Amino acid sequence: MDWIEKLDGYSLDDLLQAEKQIVAKEPKSGFKEEFNHFKTDLELEAISIKARYRMFIRQNKTYPENFSIGLEYYGPQGTVKLIRFNGAHKRIEDKIDDHHYNYHIHFETGEEESLNTLQTTENTKEYSDLSSAIKYSMDRLCITNYSGYFPEIDQLVIDLEEA
């Protein structure tokens, strides 16, 4: 099956740049704990192109810099991974200049041999923790109603020690 069939005639840009809305979130507020991760799953719709998506957010409890925010398109021919925003999740076998040492984004290019692999990676300084990555990904993916589901994202929190 080729890209055109898998994407139901849409381009990758169409799917990424279409204005989207969150229509469901599990759990409805916050994150649930599963094994050694915090996680939430969202369902999205792009009304203008009649497209459905799944978004997931995962964060390691022990290593909070190890997180992932991914977007998948639900097409009539199956699911297609479009983009994933990752934290720094260095692995022992990685070289020092490997992208796993930095915050990075995996994305699909639409080349036939890359279907559903997210092989292309770029380092980013657009975010530095999970909260800023959620805000950045929601803005970049044109998700218009995220503040209702993540109200703390747009608020500055200052933790003051008592004197």
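Structural data are supplied above this passage.
Residues numbered from 1 in each chain as written. Predicted model: local features only at pLDDT ≥ 70, side-chain atom pairs only at ≥ 80, totals over all residues. Heavy atoms only, no water.

**Student:** Quick rundown of unusual backbone geometry? Include the residues and the values.
**Tutor:** With omega at 0°, the peptide bond leading from E26 into P27 counts as cis. Within the fold, P27 resides in the loop between β1 (21–26) and β2 (32–34). Of note, K50 is a non-glycine position whose phi angle comes to about 55°, a positive value. By secondary structure assignment, the location of K50 is in the loop between β3 (37–46) and β4 (51–60). Overall, K50 belongs to the exposed group, its relative accessible area being 76%. (Helix = DSSP H or I, 4+ residues; strand = E, 2+ residues; numbered from the N terminus. Buried < 20%, exposed > 50% of the residue type's maximum accessible area, 1.4 Å probe, protein only.)

**Student:** Please provide a residue-by-residue account of the layout of surface pockets, values included.
**Tutor:** Its volume calculated, the largest pocket comes out at about 160 Å³. For the largest pocket, the full set of lining residues is L12, D13, L16, Q17, I83, F107, E108, R140 and L141. Here the lining of the largest pocket is built from residues that sort into five nonpolar, one polar and three charged. (1 Å grid on protein atoms, 1.4 Å probe; cavity = no way out; pocket = protein on both sides within 12 Å on 5 of 7 lines; lining within 4 Å. Points joined across faces, edges and corners; volume = space filled by probe spheres on them. Nonpolar A, V, L, I, M, F, W, Y, C, P; charged D, E, K, R; others polar.)

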